[in-house]
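Residue-level structure breakdown
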Amino acid sequence: MQLKRDSWAEPYKIKMVELLKMTTPEQRRKALEDAGFNTFLLRSEDVYIDLLTDSGTSAMSDEQWSGMMRGDEAYAGSKNYYNLEKAVYEVYGYKYLVPTHQGRGAENILSQIMIKPGDIVPGNMYFTTTRLHQELAGAVFHDVIIDEAHDSNSEYPFKGDVDLGKVEKLVQEYGAEKIPYICVAVTVNLAGGQPVSMKNLKELRAYTHEKGIKIMLDMTRIAENAYFIQQKEEGYRLKTIAEIVKEICSYTDGATFSGKKDALVNIGGFLALNDFDKFEEARNMVVVYEGLHTYGGLAGRDMEAMAIGIYESVQDEHMKARIGQVIYLGDKMREFGVPVVKPIGGHGIFVDAKQFLPHINQDDFPAQTLAAEIYLDAGIRTMERGIVSAGRNSKGENYHPKLELVRFTIPRRVYTQAHMDVIAESTARVYERRNQIKGLKMIYEPKYLRFFQARFEQL
Ligand SMILES: Cc1ncc(COP(=O)(O)O)c(C=O)c1O
Ligand SMILES: N[C@@H](Cc1ccc(O)cc1)C(=O)O
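By convention here, each chain's residues receive numbers from 1 onward along its written sequence. A letter from A marks each chain and a number from 1 marks each ligand, given out in the order of writing. It should be noted that, the model being predicted, local features are given only for residues of pLDDT at least 70 and side-chain atom pairs only at 80 or more, the latter also being counted only at that level, while totals for whole chains, interfaces and linings use all residues. Only hydrogens and water are removed before side-chain values are computed, so all heavy atoms of the structure are retained for them.

Quick note on the threshold: UniProt positions are given in the numbering used here, feature names are shortened, and annotations may be inferred rather than shown by experiment.
As recorded by an unreviewed UniProt entry, the chain carries the name Tyrosine phenol-lyase and is attributed to Chryseobacterium koreense CCUG 49689. Reading the Cofactor (unreviewed entry) entry of the UniProt record for the chain gives the comment "pyridoxal 5'-phosphate". UniProt, in its Sequence similarities (unreviewed entry) section for the chain, records the words "Belongs to the beta-eliminating lyase family."

Let's talk about the UniProt feature "domain: Aromatic amino acid beta-eliminating lyase/threonine aldolase" (unreviewed entry) in the chain
Basically, it comes down to this: Runs of E in the DSSP output that reach at least two residues are strands. Runs of H or I that reach at least four are helices, and both are numbered from the N terminus.
Within this structure's numbering, the places UniProt gives as "domain: Aromatic amino acid beta-eliminating lyase/threonine aldolase" (unreviewed entry) are residues 50-425. Across residues 50-425, helical content stands at 45% and strand content at 13%; the span's end C-alpha atoms are separated by 16 Å.

What to know about the domain arrangement of the chain
Selection criterion: The domain boundaries here were taken from an automatic or database domain assignment. By convention, the term buried area covers the 1.4 Å-probe accessible surface removed from two parts as they join, with the contributions of both added. For this analysis, a salt bridge means a side-chain nitrogen from Lys or Arg found within 4 Å of a carboxyl oxygen belonging to Asp or Glu. Two N or O atoms form a polar contact when they lie within 3.5 Å of each other; inside protein one atom must be a possible hydrogen donor and the other a possible acceptor, and for residues adjacent in sequence the pair counts only when both atoms belong to side chains. In this classification, Asp, Glu, Lys and Arg are treated as charged, Ala, Val, Leu, Ile, Met, Phe, Trp, Tyr, Cys and Pro as nonpolar, and every other residue, Gly included, as polar.
Assigned domains of the chain: these are domain 1 (25-54 + 316-458) and domain 2 (62-313). Computed from C-alpha atoms alone, the centre-to-centre distance between domain 1 and domain 2 is 26 Å. Summing the contributions of domain 1 and of domain 2, the shared interface buries around 2,900 Å²; its carbon and sulfur component is 54%. Linking domain 1 to domain 2 there are 5 salt bridges. For the pair domain 1 and domain 2, the number of links is 20 residue pairs in polar contact (both at pLDDT 80 or more). Of all the elements in the fold, those that place two or more residues in the side of domain 1 that touches domain 2 are α13 (316-335), β9 (348-352), α16 (387-390) and β12 (405-409). Per-element tally for the side of domain 1 that touches domain 2: the top contributor is α13, with 7 residues. Broken down by class, the residue content of the side of domain 1 that touches domain 2 amounts to 15 nonpolar, 6 polar and 12 charged.

Some details on the sheet that holds β9
Definition in use: What makes two strands pair is DSSP finding at least two bridges between them. Between N-to-C directions, angles span 0 to 180 degrees; the directions come from axes that are lines fitted to C-alpha atoms, helices contributing only their stretch in contact.
Strands sit in the order β9-β12-β11 across an open sheet of 3 strands; the sheet is antiparallel. Each edge of the open sheet is held by one strand with a lone partner, namely β9 and β11 (383-385). Here the strands of the sheet are splayed against their neighbours by 30° on average, with no regard to which way each runs. Here 3 bridges tie β11 to β12, and the two strands are oriented antiparallel to one another. The residue bridging R385 from the neighbouring strand is L405, located in β12.

Considering the pairing of strand β8 (residues 269-273)
Basically, it comes down to this: The buried label applies to any residue whose accessible area, calculated with a 1.4 Å probe on protein chains only, is under 20% of its type's maximum; exposed applies above 50%, and partly exposed to all values in between.
Most of β8 is tucked away, with 5 of its 5 residues classed as buried. On β8, burial covers both faces: G269, L271 and L273 on one face and F270 and A272 on the other are all buried. As defined by bridge partners, strand β2 (residues 96-100) adjoins β8 across 5 bridges and the pair is classed as antiparallel. Pairing of T100 across the sheet is with G269, part of β8. Direction of pairing for strand β7 (residues 254-258) relative to β8: antiparallel, over a ladder of 5 bridges. Note that in β8 the partner of S258 across the bridge is G269.

A few points about the pattern of salt bridges
According to the stated counting rule, one finds 28 salt bridges in the structure shown. Linking D34 and K30 is a salt bridge whose minimum nitrogen-to-oxygen distance equals 2.7 Å. Of this pair, D34 and K30 both sit in helix α1 (residues 25-34), 4 residues apart, which is roughly one turn of the helix. For D34, a relative accessible area of 47% puts it in the partly exposed group. Look at K30 and you get exposed, because its relative accessible area is 51%. Where E224 meets R322, a salt bridge forms, and the shortest distance between an N and an O atom there is 2.9 Å. With E224 in helix α9 (residues 222-232) and R322 in helix α13, the pair connects residues that are 98 residues apart, well separated along the chain. Here the residues in one salt-bridge network are D54, R221, E224, R322 and R412, joined through shared partners.

Notes on the UniProt feature "modified residue: N6-(pyridoxal phosphate)lysine" (unreviewed entry) in the chain
Rule in force here: Note on contacts: a residue pair is in contact if any heavy atoms of the two residues lie within 4.5 Å.
When the UniProt feature table is mapped onto this chain, "modified residue: N6-(pyridoxal phosphate)lysine" (unreviewed entry) is found at K261. The topology assignment puts K261 in the loop between β7 and β8. You can call K261 buried: its relative accessible area is 13%. Beyond its immediate chain neighbours, meaning those up to four positions away, K261 contacts D54, S55, S58, T220, R221 and R412. Separated by 3.1 Å, the side chains of K261 and S55 make a polar contact.

This is the structure we're talking about:
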């Protein structure tokens, strides 16, 4: 047998650790019942391995921590703002920067300055907060992602791509003047962290130029998308992640960013624009919702850590280890027969709850149920990404998304490969007893983004 010779290793060593708490099955059952079978409502001290999200949960580097000590907490004109502005220009190429407390702060401002009531906003699959801000500003969202994205078994390498035919149909039906921008997300979160190809972005740019439509990027996980382009798209094998990231941005007019993912910080985000007039509007609006335009709801130290994290996020060896760990977990789960979304995406493993629990009807919340069962087995916290997350349309009817998934999101630079083994083995144990698992009933439903706070009971 040929021995494997392509191992990767983390490009860092560990300087400080946080001890984890183990719990008993009885403690976990009690904690889950108290949380109404919603993993968002668990206390983190009752969690052993926390895969709820990769947002704000990554480990900062010693450079970032030293940057925190250089926080300039002036109310106006903090030097950290200028460092962040420089990082955004150097790494992404955007001219104007409006910092916000996190991604959704930027989504709110972008939606308000770009959308008029009755507008149409196409996007490559919805994201919960992004769509809600578009709707609150009066737009109707339309999904224009390629069909392959809704099929968890399709191995298509760029399932995040926009279907230009679907965009053209909207233009025909409503007219280009009703479409202020197309919202393109890189590594599409709800599709399973699936990337967009450069070819698709270029084609979309050419098309939108012709029609006078803007492209606004949700660049939250752009470095991860760049890694997939480097690995899978013809002509990019010898380009660096940094070069690819810059090229992606060059096909867009602006972007919203949640720094809590790629940029390896616990809090922070921004809106970046190339148009000065729109920037002026955004800069004025940020003082209403977030804070002065040179801090946007962030401490100076947070802006400094984010600026440093942006440079670290585009290092090739960082991204190789980051995605390498996600793929390691995905392959291990597949070896156990666990149905996962293919191909394996950027920020986590998405388990297909419809295939895992085919006996549970979508209205009895298979993914919510599975996330609860995974927690019960070994204290691993995951998240539902199915019918609960999709919410209701403006008529109050439940969306029934094709994908009914449980997301095992991997924080960056936090867990080891041994943790990945434990996660895969625990999931395999739940898979072995899948036939005994019953669904859930929703007993409390909040109005907005219900998945965060809804409560359930076992059927
Ligand atoms: C793709 C995507 N866009 C936008 C956001 C919003 O960012 P934030 O959580 O920082 O508000 C998130 C995470 O919430 C996300 O994953
Ligand atoms: N963006 C973060 C936090 C979040 C989670 C779920 C949401 O629907 C919205 C925000 C994530 O994807 O994990």
